[in-house]
Amino acid sequence: MDVYKIQGQKRLQGTIKVSGAKNSAVALIPASILASSPVTIEGLPEILDVWTLKSLLEEIGGQVTFEDGVMSINPETMIDMPLPNGNVKKLRASYYLMGAMLGRFKQAVIGLPGGCYLGPRPIDQHIKGFEALGAKVTNEHGAIYLRADELKGAKIYLDVSSVGATINIMLAAVLAKGQTIIENAAKEPEIIDVATLLTSMGAKIKGAGTNVIRIDGVESLSGTKHTIIPDRIEAGTYMIMAAAIGDGITIDNVIPLHLEPITAKLREMGVEVQEYEEKIHIPKVEKLKSVDIKTLVYPGFPTDLQQPFSVLQTQAHGTSVVTDTVYSARFKHIAELKRMGATGQVEGRSSIIKGATPLTAASVTATDLRAGAALVIAGLLASGETEIHDIYHIERGYSGLIEKLRGLGAVIDKVTLTSAAVTEEK
Ligand SMILES: CC(=O)N[C@H]1[C@@H](OP(=O)(O)OP(=O)(O)OC[C@H]2O[C@@H](n3ccc(=O)[nH]c3=O)[C@H](O)[C@@H]2O)O[C@H](CO)[C@@H](O)[C@@H]1O
Ligand SMILES: C=C(OP(=O)(O)O)C(=O)O
């Protein structure tokens with residue numbers, strides 16, 4: 001079992017480079033299934049989710065190479081192999097195989113997805129979209145069976161602005177006959193990135209990034225080369241870390257516009273955020289003011305950053321309230337932060353954090369991906385040696401984390417615990 005060990009209270013300084021966006025990567029890779037010739041995606045993050053998707057494409061017969069962030073996918077040899085179990089359960093975004101395989105083969109069998117448990121995460125809006133396009137969809141023993149004689153464009157109103165449903169319907173609709181209109185579509189930058197790839201493959205998509213997306217189906221799509229956008233959630237995590245324990249940190253390879261919700265909140269807390277074309281610099285912070293946050297769909301404050309942000313709130317003077325309107329149970333990190341001396345409690349969909357509290361090292365568990373990111377920041381702040389368990393969650397989303405943090409002066413190691421050490425801890 002691997003853990004991260006962090007010696008805290010080392011001030012961090014320098015430049016940290018952000019990788020390609022996880023939530024784009026996990027949609028761009030399945031999108032390649034729709035092409036009739038090779039697709040190359042550049043700048044991909046080296047994270048578990050990307051490796052798992054590579055294996056999934058290979059399971060359906062794709063020829064895939066992945067080196068130095070560049071994935072080359074030959075989809076010509078792919079077949080409509082059922083994927084009811086196994087790798088599909090390791091990540092949330094395996095649901096994109098439904099839209100992409102339905103689009104190409106007009107049928108697919110895909111196990112219900114995994115990913116972080118943050119409260120219920122239904123996929124009813126994805127299914128509603130597939131059905132509107134003409135597919136018959138059934139759930140048999142935990143796998144979704146999709147089949148269509150042909151896919152026909154339709155008008156689909158999403159009950160919730162779901163990122164996954166918006167992208168999945170786009171994937172299924174690009175090769176459908178006629179026009180598809182997605183209303184109340186999600187507007188996240190990753191949706192624009194996927195639309196950009198599909199458009200460069202020959203798809204006709206208008207309105208990605210707004211709440212109405214129009215797709216005119218085409219006969220076929222061809223291979224292309226695409227460069228992914230930077231990861232705004234990874235960048236936001238490092239901005240929070242810079243405000244917490246930085247002595248001047250530059251975050252490189254960012255699109256500052258995508259970071260506006262986090263930049264605005266940091267400024268409210270008294271953090272100076274200097275924006276450049278593709279970089280953000282955060283000088284040392286003297287004093288943090290408490291602020292409340294409410295997560296919302298883009299361009300609101302991202303739910304994926306509320307857990308790391310809570311660590312900063314433990315260092316702010318006063319009481320802060322975090323309300324997550326997207327997920328009902330994204331608060332498991334609070335119990336872990338309390339082990340490290342934080343003062344916080346969870347009430348319904350909110351966490352209430354009182355600061356400023358010095359953090360002390362403890363043995364803690366990354367219950368999910370961003371809880372893990374929060375614990376890394378807490379470990380960097382805490383006195384003593386923090387040990388973080390279940391780091392596979394963190395490695396689903398942060399590329400080269402140890403090396404990147406060491407580059408700023410952090411003392412962090414990935415250590416394999418022997419079974420004797422694990423038993424002793426229990
Ligand atoms: C792989 C990926 O891109 N993951 C991101 C994606 O997840 P994901 O695509 O799963 O999130 P959604 O945008 O779909 O979910 C938003 C909300 O809608 C609800 N919902 C969603 C679909 C559905 O069919 N029915 C339904 O009720 C969800 O329970 C949730 O409350 O967007 C989330 C919200 O920004 C992020 O936290 C995740 O990092
Ligand atoms: C919730 C997240 O990911 P996923 O949807 O892949 O579980 C996340 O990236 O914070």
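Residues numbered from 1 in each chain as written. Chains lettered and ligands numbered in written order. Predicted model: local features only at pLDDT ≥ 70, side-chain atom pairs only at ≥ 80, totals over all residues.

### What to know about the site of ligand 1
Item 1. Not every one of the 21 residues close to ligand 1 is listed here, only the nearest: Asn23, Gln125, Ser162, Val163 and Gly164.
Item 2. Of all the secondary structure elements, the ones that give two or more residues to the shell around ligand 1 are helix H1 (22–31), helix H4 (124–132) and helix H5 (163–173).
Item 3. Of the residues assigned to the shell around ligand 1, the class counts are 11 nonpolar, six polar and four charged. (Near = placed C-beta within 6 Å. Helix = DSSP H or I, 4+ residues; strand = E, 2+ residues; numbered from the N terminus. Nonpolar A, V, L, I, M, F, W, Y, C, P; charged D, E, K, R; others polar.)

### A few points about the site of ligand 2
Item 1. What surrounds ligand 2 is the set Lys22, Leu91, Arg92, Ala93, Gly115, Cys116, Asp304, Leu369, Arg370 and Gly397.
Item 2. Of the residues in the shell around ligand 2, the class split is four nonpolar, two polar and four charged.
Item 3. There are two domains that each give the shell around ligand 2 at least three residues, and those are domain 1 (2–19 + 230–425) and domain 2 (22–227). (Domains from an automatic or database assignment.)

### Some thoughts on H1
Helical geometry: 3.6 residues make up each α-helical turn, so side chains three or four residues apart lie on a common side.
Item 1. Burial analysis of H1 places 10 of its 10 residues in the buried class, which makes it a mostly covered element.
Item 2. Of the positions making up H1, those classed as buried are Lys22, Asn23, Ser24, Ala25, Val26, Ala27, Leu28, Ile29, Pro30 and Ala31. (Buried ≥ 20, exposed ≤ 12 C-beta atoms within 10 Å, placed from the backbone.)

### So, the UniProt feature "active site" (unreviewed entry) in the protein
Item 1. As annotated in UniProt, the feature "active site" (unreviewed entry) corresponds to Cys116 in the numbering used here.
Item 2. Relative to the helices and strands, cysteine 116 resides in the loop between strand S6 (107–111) and H4.
Item 3. For cysteine 116, a count of 21 C-beta atoms within 10 Å corresponds to the buried category.
Item 4. Those residues in contact with cysteine 116, other than ones at most four positions away along the chain, are Asp368, Leu369 and His393. (UniProt positions renumbered as here; feature names shortened; annotations may be inferred. Contact = placed C-beta atoms within 7 Å.)

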